[in-house]
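Read off the chains here:
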Amino acid sequence: MNPHPSSLPIFSAFAKKPKTQEAEEGSSVVFEAETEKPDAKVKWQCNSKDIASGGKYVITSDGNKHSLAIKAITKEDANVYAVIAGGSKVKFELKVVSKPEAPAKAPAEGSGESEVKPEENPAPPAAEPASGEHTGPAQDAPPAEGDAKLFFCAGENITFVAKVNAESLLKKPTVKWFKGKWMDLASKSGKHLQLKETYDRNTKVYTFEMQIIEAKANFAGAYRCEVASRNKFDSCNFDLTVHGEQLVVLLMCCDFCSSTDGNEDSGELDFSALLRKSSDPDVDVWKILSGAPASEYEKIAFQHGITDLRGMLKRLKKMKKEEKKSEAFLKKLDPAYQVTKGQKIKLAVEVANEDVEVKWLKNGQEIQPTGRYIFESVGNMRYLTINNCSLADDAAYCCIVGEEKCTTELFVKEPPVTIVKNLEDQMVMKGERVELECEVSEEGANVKWEKDGVELTRDESFKYRFKKDGCKHVLIINDASKEDCGHYKVKTNGGESMAELLVQEKELEVYQSIADLTVKAKDQAVFKCEVSDENVKGTWYKNGVEVKADARINITHIGRIHKLTIDEVKPEDEGDYTFVPDGYAFNLSAKLNFLEVKIDFVPRQDPPKIHLDCMGRTSESTIIVVAGNKLRLDVPITGDPAPTVIWTKGEKVKQIRSLTFHGLAWLFTALLCSNVDGRVHVETTKGHCIFTIEGAERQDEGIYSVVVRNPAGEDTADINVKVVDVPDPPQTPTIVSVGEDSCVVTWEPPLFDGGQPIIGYVLERKKIKSYRWMRLNFDPYPRTTYEARRMIEGVAYEMRVYAVNSIGMSRHSPASKSFVPVAPTSEPIGLCVDDVSDTSITLKWRRPEKIGAAELEGYGVEYCKEGSKSDEWIPAIDGLTDRTSMIVKNLTTGDKLQFRVRAYNMAGPSAPATLAQPVTIREIMQRPKIWLPRILRQTLIKKVGDTVNIVIPFQGKPRPKVTWSKDGEPLSPQFASVRNSEVDTILFIRKTERKHSGQYDLQVQIENVEDTAKVMLQIVDLPGPPEALKIVDIWGFNVALEWKPPKDNGNCEIVGYNIQKADKKTMEWYTVYEQYRRTNCVVSDLIMGNEYVFRVFSINLVGFSTEPCQTKDSVYIQKTGIVYKPPSYKEHDFSEAPKFTHPLMNRSVIAGYNATLSCSVRGIPKPKVTWYKNKMDITHEAKYRMLSKQGVLTLEIRKPCPFDGGVYMCKAVNDSGEDIVECKLEVRPPQASRCG
């Protein structure tokens, strides 16, 4: 299992890097570096400040070699230096020590604090030291490195803190925590693992925490923290190991601080911390490392993106230990496995003995077979299958066979967190509270909220609040304003959801408007209205003048109801009354009519009289009542005797009621519709007849007639009553067209307008999967066609419409058919004519540049004759084609046609791509022409047995006749295969032979016009051996050879010869000359006294000849008679008396357990060793065993008893002397074990 990082490949600019050096005070030191490119610009720094040549610094550059020399070193020169080339920066140190007479003083460390700290029950963040604080003199000094061990009991909490200095960073850095090599712990966040982050505005330090809650044994492993910001990167590695009930944390400290200098290199990090990307994802990096020398480890790790060098070395060491061949296992477990939570995994090993039993352990505990753990044995294979893996299965597993075992580590990866319930669009009024809610697949998962692409965070004003409730996540916006409009997005590591928020100014709705009043003297007039907001105040006006409260006039405001009450109405109270809500640009008006009742004293025979000023059937005399309100007709009448009153609607009399009032009989006739039972009331007062209908309805509209009669006469009056209502809902809206984020919707007006003109429409939309309708306009829209915008492409919507008149808003219309906003594609590009014949044309084009959210359904090809109307386009085929080329057939010869192509998707056709000019349908005569490839214009050379496949394109219309011939003779099918098409010809020879060499002629002919081409084919083979190799001359240590060229040169030129020699004793051949061009040579530097034979191979383009030409006779190199006299040397005396380099140590052992005494001795020749106990020789006693290996002497005492205690002595003797060493051995009886 070898995952590879996926970062961009970044390579070092240095071939050789300067290393840390140590020098004495007063001396000089030189740091050297080599760049990959000779023209690279190199800059040297000390403590992040540039160094210029001069004074004590000498900077030299020679090609790609660069050096920095520091003269007369002092203690102040002990700093951190750096060399920069391109984007690579290498740091190194100069350590200054005092002269030998003075004790060396260790230089100050560059960083005094580890940036990753384990805590137990962590303190508040304020108690943590700020990242980037240094106690040493050098700001860019590397952090102190070393392993620290911290012990924690299982079940306790551990917090790892990483602090990042952000003074030089423009954006917030990104921090990731990993377990093992590549497991991102962000997906593991939950009950036992929490990730937090804070920011200190004063110190500009980000603090990132990883808290492990109730640590368990399976939390052990290697961890890594990575911090990145644009092109800056750093990382830190630490190990978490379990020993018994304690946790040991090994920390490899790392400084996450970037430089705060203002120069151009501020914030640069060491190149060794940058991630790399492997060029080949199938490369086994560990296999490469295991076979490479140690000096190449860093280079290989750099190339393949391994940043944890220490972890890499540990794993290599472990791998090399495991390279010992196992007797029990033929194939062991892989080093690590990874599985997704809920899936199953199978661990497999191959054992040497198919009958052997194996044990499986998990974190050291034996696993018993259950429904989740299944053991299988198939031949030599042993399997452990884990079903439905959970986080508890993330552990170390071991397979044991006898005394041998192999281990692995299983990482359980949680599936990505997906969004189960999406956000919904919302429209709210200004000042309201907004809650955007979504539901994810995992409890406690981390989500990120964004507004218009910008991440939302908690701020000091608490504008945004984030709430978690199990799987639900809520974004709360308090006191919404116009600035909060926009698209809000919630993101998880497995998906995202977006919704739109619209904030509108509050519209004040009028639930009940004030109505016109007609009152008489001394009566009470009450104007009453009801609005939607109970907090809205208002002002009453009479004829434009504000009304003030007094003894007769009372103004009240209770909840949503506003009242103006006028007691004992007077004639001067008549006028237009208006209520104006504070802060809103509209008003409510009504008229107060004063009815003056004149009382005349008439004789008893007074004819009846109706006193009305609104009689008649004109629009000015019409009484208008809103549906649902009370209709009250108050008719003043006079007459003596008391007149009879008859109410009719039309000509129909429904009911006559007789009442007695003050001794007078008044007769009323009321007309009731069939559905108004219980709603009609008739009241009477002296001189008045009041007709009331509770909750007026549409059918109550009409002409009401009142007739009064008495013996003196009669009087009649008509009252026109009009009932107005909200309109009926509009017809079902129709989606006319859709765009990328918009649609055009149209609808028909309502069948009934409610008795008042339609002043506009209100539209709403919603997503198909949502339940919330969002209003698109607050002001009535006057037309019946509307373009809705700001929709999300690819999401299904539906629309509905409300009609609005002066009375109010209708019910909503039925919802439209669902639609998806999607834009048509852009037009196809590159439309051109590929071919034309007498009845067809071939067109080609390329895909549109912009496809959009909807899939491309296909292309439509159309044509029309030149000069025809622009709308007379004829489809070339029925339906669409998914290809980017088409042959349009069955055309009329000689027609001049224009062609166009349109791309289709869900939104319809795109803009057309049209040919620049019409095309005439006619076969075009084209001369035959052979396009001979460049490679065939020279001799084509192939080896015997190779395959020849020659493809030669040509052109010509109509289809030309193709003829192949070789050396003037037609080709037979048995000699070579020929395949022809309309545009090319292929000559194919499956297995070449020497006879296939020669000239091949190709002829392409149309009627009397032709074109020819020739191809030279040369089939080559290995040459034959040279001939007549002979020895021409011999002198000294030299031999002259001569030979003739081979008879068979393999059908190609002989490029040289290979001359070899061999000693006749060993007959091992050695090459003397390679690629030797001549046919004679001199072999020199032969050894005298040896006898040699020679052979020669011929060489051509294919290779060496199969057989050499060898000399028949051998050559003996005569000796010259010079006698060698070796020099004489005085032999050195290496003898040395025995001396014990490590003495025996006094021991105290327990009886019954083997004991050993060890010492080491040196001496030349090897001394004889004798062991004594209490000065008695014990060499031949069976109880003791003496061992000696490489000068280490061991005396093993088998199961000593108390009598074996005493003084033991070891004596070593050789010819140069002797030496002894002794020790005391105490043997203690074993203590009795305690019971109870």
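Residues numbered from 1 in each chain as written. Predicted model: local features only at pLDDT ≥ 70, side-chain atom pairs only at ≥ 80, totals over all residues. Heavy atoms only, no water.

For the protein, the name recorded in an unreviewed UniProt entry is Myosin-binding protein C, cardiac-type, with Amphiprion ocellaris as its organism.

### Regarding the overall build of the protein
Basically, it comes down to this: Counting from the N terminus, the helices are DSSP H or I runs at least four residues long and the strands are E runs at least two residues long. Exposure categories follow from relative accessible area, calculated using a 1.4 Å probe and restricted to protein chains: below 20% of the type maximum is buried, above 50% is exposed, and the middle band is partly exposed. Surface exposure here means Shrake-Rupley accessible area, sampled with a 1.4 Å probe, where a residue is shielded only by the protein chains that are shown.
Of the regular secondary structure elements, the protein holds 3 helices and 97 strands. Expressed as a percentage of the 1236 residues in the protein, the buried residues total 41%. Carbon together with sulfur atoms contributes 49% to the accessible area of the protein, which is approximately 69,300 Å² in total.

### A short note on the sheet that holds strand β34 (residues 464–469)
Note on sheets: strands pair through backbone hydrogen bonds, and any given pair is parallel or antiparallel. To keep things clear, this is the line we draw: When DSSP finds at least two bridges between two strands, those strands are taken to pair. Interaxial angles span 0 to 180 degrees and are taken between N-to-C directions of axes, which are lines fitted to C-alpha atoms, for helices over the stretch in contact.
In spatial order, the strands read β29-β31-β35-β34; together these 4 strands make up an open sheet with antiparallel pairing. Of all strands in the sheet, those bounded by a partner on one side alone are β29 (419–421) and β34. Strand-to-strand twist of the sheet, defined as the mean angle between neighbouring strand axes without regard to direction, takes the value 30 degrees. Of the strand pairs in this sheet, strand β31 (residues 434–440) and strand β35 (residues 472–477) are connected by 6 bridges, and their pairing is antiparallel. Its bridge partner being in β35, glutamate 437 is matched across the sheet by valine 474.

### Considerations on a positive patch on the surface
Put simply, the rule is: Patch membership is restricted to residues that have no salt bridge and whose relative accessible area is over 30%. Joining uses 9 Å for like charges and 5 Å for the nonpolar side chains Val, Leu, Ile, Met, Phe, Trp and Tyr. In what follows, salt bridge is the name for a side-chain nitrogen of Lys or Arg lying within 4 Å of a carboxyl oxygen of Asp or Glu. Positive charges are assigned to Lys and Arg, negative charges to Asp and Glu, while His and the chain termini are left out of the count. Charge coordinates come from a single atom per side chain, which is NZ of Lys, CZ of Arg, CG of Asp or CD of Glu.
Together, Arg458, Arg465, Lys467 and Lys468 line one region of the surface with positive charge. Residue position: lysine 468 is located in strand β34.

### Remarks on the pattern of salt bridges
Here the structure, examined in full by the defined rule, presents 46 salt bridges. When the shortest N-O distance is used, the salt bridge between lysine 362 and aspartate 393 registers 3.6 Å. Pair noted here: lysine 362 is in strand β23 (residues 359–362) and aspartate 393 is in the loop between β26 (381–386) and β27 (396–401), with a separation of 31 residues, a long-range link. Look at lysine 362 and you get buried, because its relative accessible area is 19%. Between arginine 1162 and glutamate 1136 there is a salt bridge; the shortest N-O distance is 3.2 Å. Taken together, the residues arginine 1162 in strand β91 (residues 1155–1164) and glutamate 1136 in strand β89 (residues 1136–1142) connect sequence positions 26 residues apart. The network of salt bridges with shared partners includes Lys362, Arg372 and Asp393.

### Structural notes on the sheet that holds β91
Across the sheet, 4 strands lie side by side as β89-β91-β95-β94; this open sheet has antiparallel pairing. Edge positions in the sheet fall to β89 and β94 (1184–1189), since each has one partner strand and no second. Here the strands of the sheet are splayed against their neighbours by 25 degrees on average, with no regard to which way each runs. Where β89 meets β91, 4 bridges bridge the pair, whose relative direction is antiparallel. Across the sheet, lysine 1139 pairs through a bridge with arginine 1162, a residue of β91.

### Let's talk about the pairing of strand β7 (residues 65–70)
Taking burial as the measure, the 6 residues of β7 include 5 buried ones, the bulk of the element. Where strand β3 (residues 29–35) and β7 come together, 6 bridges link them in antiparallel fashion. Note that in β7 the partner of valine 30 across the bridge is alanine 69. The sheet contact formed by strand β6 (residues 57–62) and β7 spans 6 bridges and is antiparallel.

### A short note on the packing of aromatic side chains
Note the cut-off: Pairing of aromatic rings covers Phe, Tyr and Trp, the last counted by its six-membered ring, and requires centre-to-centre distances within 6.5 Å; plane angles under 30 degrees mean stacked, over 60 mean edge-to-face, and any other angle means tilted.
A complete count under the given rule lists 20 aromatic pairs for this structure. Residues phenylalanine 691 and tyrosine 704 carry aromatic rings whose centres are separated by 5.9 Å and whose planes lie at 50 degrees to one another, so their mutual orientation is tilted. Here the residue phenylalanine 691 occupies a position in strand β54 (residues 688–693), and tyrosine 704 occupies one in strand β55 (residues 702–710), the gap between them amounting to 13 residues. Of the two residues, phenylalanine 691 and tyrosine 704, neither departs from the other in class, the shared state being buried. Consider the rings of tryptophan 1043 and tyrosine 1076, whose centres lie 6.5 Å apart with planes at 50 degrees: the pair is tilted. With tryptophan 1043 in strand β82 (residues 1038–1044) and tyrosine 1076 in strand β84 (residues 1069–1076), this residue pair connects regions lying 33 residues apart in the sequence. Tyrosine 1076 carries the same exposure label as tryptophan 1043, and that label is buried.

### Some words on the pairing of β84
Two elements, strand β83 (residues 1054–1063) and β84, share 5 bridges in a ladder whose sense is antiparallel. Residue pairing across strands places lysine 1061 opposite tyrosine 1070, the latter belonging to β84. Between β83 and the antiparallel strand that follows it, β84, lie 5 residues; methionine 1067 among them carries a positive phi value of about 55 degrees.

### What to know about unusual backbone geometry
Among all residues save glycine, negative phi is the norm, and among peptide bonds the norm is trans. For the peptide bond that leads from lysine 957 to proline 958, omega is -5 degrees, which places it in the cis range. Tracing the chain through its elements places proline 958 in the loop between β74 (948–957) and β75 (961–966). A cis geometry characterises the amide bond from isoleucine 1164 onward to proline 1165, with omega recorded as -5 degrees. Inspection of the secondary structure assignment puts proline 1165 in the loop between β91 and β92 (1168–1173). Even without being a glycine, asparagine 363 presents a positive backbone phi close to 55 degrees. The backbone of asparagine 1174 shows a phi angle near 50 degrees, a positive value even though the residue is not glycine. Mapped onto the fold, asparagine 1174 is located in the loop between β92 and β93 (1176–1177). A relative accessible area of 43% places asparagine 1174 in the partly exposed class.

### Regarding the nonpolar core
Stated formally: Among buried residues, the Ala, Val, Leu, Ile, Met, Phe, Trp, Tyr and Cys ones that are joined through side-chain atoms within 4.5 Å form a nonpolar core.
Trp360 and Tyr397 are the most contacted members of the largest nonpolar core, which totals 23 residues. Looking at this core, the elements with two or more residues in it are β21 (336–340), β22 (345–351), β26, β27 and β28 (404–413).

### A closer look at the environment of valine 503
Cut-off, in case you're wondering: Contact criterion: two residues are considered in contact whenever any of their non-hydrogen atoms come within 4.5 Å of each other.
Residue position: valine 503 is located in strand β37 (residues 495–504). Using a relative accessible area of 0% as the deciding quantity, one classes valine 503 as buried. Setting aside anything within four residues of it in sequence, one finds valine 503 in contact with Val428, Met429, Lys430, Ala480, Ser481, Lys482, Asp484 and Cys485.

### Section: the environment of lysine 317
Counting through the fold element by element, lysine 317 comes out in helix α3 (residues 309–321). Remark: the alpha-carbon pair of lysine 317 and serine 290, spanning 27 residues in sequence, is separated by 9.3 Å.

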